[in-house]
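So you can see what is in the structure, the chains are spelled out below.
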Amino acid sequence: QPSMPNGIIIMYDIRYRESDNSDSFVFFVNGITDTQYIISGLTSFISYTIGVRAYTIAGPGEWIEIQASTLLPGIEDLIVEILEDIVIINWTPLNYTELTSYVLEYKQTNEQTFQTIIFPVSVVSIGLPILQHDIEYVFQVYGVFTINNVEYESERSPPVTIMISSSTTSSNDSQTGSTGLVAGVSVLSIIIIILIIIIIILVVLRFTERNENNTKKIEESTVQPFEEPTYEILEDSKKDIEMKECQAYGHVETSPQTQQEGQQDETDVYETV
């Protein structure tokens, strides 16, 4: 609705076309009596130039045009938390190839304009230092899409208002102290467990190495086969042994010469007698 209408407004006209295509058709919607109208059948991720003009009894007014794009999703979930002296901000990512960056807006509730910080699409969580205590802040995030070399802003996330008080940060500090104590004990326990594991591994390796050395020594020491001792018997000694064996059994074998000598000895004995 025009700020300074020239008489009573009778109706409105709407026209729209693709912003980046000068040869595109211009569509008209005439005779609208309501201040709200839904344009359907548009192409996704396309920038459109939309114009509106009003009619009075004096005739049509000037066209007022804006640019808008189709299906630019906004960030639905925005979570703001306070951790010590840092404000932690998380949001759900937008998975679109046309997305080029995120923009965080924040301000004090009594301020008129937002301060902005631009982040790459890979960032969905940040931490901001608390600027002032006992102040209420408002946070919101939106995405920036680049379509046909033209940047478009998505819808803002629902704003989140949070009060940053000094009591909140002090209580967080006390909780942090107890948390730090627990964390220290946990780290000490982990270190002790790691040392025990290292000692067990060293003992097992030492035992294994000792067994391998013993096995190697056993394999190297081979048993020598038993060899029966050999004896060399002289010929004369052999004859003596045979004679003794024959005497032991009551039978002596003599050579013919020995027998003759024995008979001669016997004849001599008879003659003596």
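This is a predicted model, so every value here is computed, not measured.

Student: I would appreciate a short explanation of the overall build of the protein chain in the present structure.
Tutor: Secondary structure assignment for the protein chain yields 3 helices and 13 strands. Within the protein chain, the proportion of its 273 residues that are buried is 23%. The long-range share in the protein chain, meaning contacts at least 24 apart out of those at least 6 apart in sequence, stands at 58%. When the accessible area of the protein chain is evaluated, it comes to approximately 20,500 Å², of which 56% is carbon and sulfur surface.

Student: Explain the confidence of the model for the protein chain here, please?
Tutor: Do not read the fine detail of predicted coordinates wherever pLDDT is low. Looking at the protein chain, the pLDDT average stands at 75 and 69% of residues meet or exceed 70. Low pLDDT, under 50, characterises residues 169–183; the stretch is placed with 9 contacts to residues that sit more than four places away or in other chains. Contacts for the low-pLDDT stretch residues 265–273, under 50 throughout, to residues beyond four places or in other chains number 0 contacts.

Student: Explain unusual backbone geometry here, please?
Tutor: Leaving glycine aside, a negative phi is the common case for residues, and trans is the common case for peptide bonds. For Asp 134, which is not glycine, the phi dihedral falls at a positive 55°. With respect to the helices and strands, Asp 134 occurs in the loop between strand S10 (125–129) and strand S11 (135–147).

Student: Explanation requested: the sheet that holds strand S6 (residues 78–83) in the structure shown.
Tutor: Taken in spatial order, the 3 strands line up as S6-S7-S10 in an open sheet, and their pairing is antiparallel. Pairing within the sheet leaves two strands with one partner each, and these edge strands are S6 and S10. On average, each strand axis in the sheet is inclined to that of its neighbour by 20°, with strand direction left out of account. Note: S6 against strand S7 (residues 86–91), 6 bridges, orientation antiparallel. Along S7, the bridge assignment pairs Leu 83 with Ile 86.

Student: Teacher, can you tell me more about the pairing of S6 here?
Tutor: Note on strand geometry: in a regular strand, side chains alternate between the two faces of the sheet. Side chains Leu 78, Val 80 and Ile 82 of S6 all project onto a buried face; the interleaved residues Ile 79, Glu 81 and Leu 83 project onto a face where none is buried. Connecting S6 to the next strand, S7, in antiparallel fashion are 2 residues, including Glu 84 with a positive phi near 55°.

Student: Is there a simple way to think about the environment of Ile 32 in this case?
Tutor: Looking at where Ile 32 falls in the secondary structure, it is placed in strand S2 (residues 27–32). The spatial distance from the C-alpha of Ile 32 to the C-alpha of Ile 14 is 8.1 Å, given a sequence separation of 18 residues. Excluding its chain neighbours within four sequence positions, the residues that come into contact with Ile 32 are Met 11, Tyr 12, Ile 14 and Tyr 37.

Student: Any chance you could explain the pattern of salt bridges here in plain terms?
Tutor: Between side chains of opposite charge, a pair can form when the charged atoms approach closely. Scanning the model with the defined rule gives 5 salt bridges in all. With a closest N to O distance of 3.3 Å, Arg 53 and Asp 13 form a salt bridge. Of this pair, Arg 53 sits in strand S3 (residues 47–56) while Asp 13 is found in strand S1 (residues 11–18), placing the two residues 40 residues apart along the sequence. One connected set of salt bridges, linked through shared partners, spans Glu 105, Glu 153 and Arg 156.

Student: Explanation requested: the environment of Gly 31 in the structure shown.
Tutor: Tracing the chain through its elements places Gly 31 in strand S2. Under the relative-accessibility criterion, Gly 31 is labelled partly exposed at 38%. Separated by 18 residues in the primary sequence, Gly 31 and Asp 13 have C-alpha atoms spaced 6.0 Å apart. Ignoring sequence-local partners within four residues, the contact set of Gly 31 consists of Met 11, Tyr 12 and Asp 13.

Student: When you look at the packing of aromatic side chains in this model, what are you seeing that I'm missing?
Tutor: Where two aromatic rings form a pair, the distance of their centres and the angle of their planes describe that pair. For the structure shown, the criterion picks out 7 aromatic pairs. The interplanar angle of 20° and the centroid separation of 5.2 Å between the aromatic rings of Tyr 16 and Phe 27 together place this pair among those described as stacked. Placement of Tyr 16 in strand S1 and of Phe 27 in strand S2 is noted, with a sequence separation of 11 residues between them. Residue class for Phe 27 comes out partly exposed when judged on its relative accessible area of 42%. Between Tyr 106 and Phe 139, the ring centres sit 6.1 Å apart and the planes meet at 25°, which makes this aromatic pair stacked. Remark: Phe 139 occurs in strand S11 and Tyr 106 occurs in strand S8 (residues 99–108); sequence separation between them is 33 residues. Just as Tyr 106 is buried, Phe 139 falls in that class too. Taken together, the ring pairs in this structure connect Trp 91, Tyr 102 and Phe 119 into an aromatic cluster. Sitting over the face of the ring of Trp 63, Arg 15 holds its NZ or CZ atom 4.2 Å from the ring centroid. Above the ring of Tyr 142, the side-chain terminus of Arg 156 is found at 3.6 Å from the ring centroid.

About the thresholds
Residues numbered from 1 in each chain as written. Predicted model: local features only at pLDDT ≥ 70, side-chain atom pairs only at ≥ 80, totals over all residues. Heavy atoms only, no water. Helix = DSSP H or I, 4+ residues; strand = E, 2+ residues; numbered from the N terminus. Buried < 20%, exposed > 50% of the residue type's maximum accessible area, 1.4 Å probe, protein only. Contact = heavy atoms within 4.5 Å. Areas by Shrake-Rupley, 256 points an atom, 1.4 Å probe, with all protein chains shown as cover. pLDDT = per-residue confidence, 0-100. Pairing = 2+ DSSP bridges. Axes fitted to C-alpha atoms, helices over the stretch in contact; angles between N-to-C directions. Salt bridge = Lys/Arg side-chain N within 4 Å of Asp/Glu carboxyl O. Phe/Tyr/Trp six-rings, centres within 6.5 Å; stacked < 30°, edge-to-face > 60°. Lys NZ or Arg CZ within 6 Å of the ring centre and 35° of its normal.

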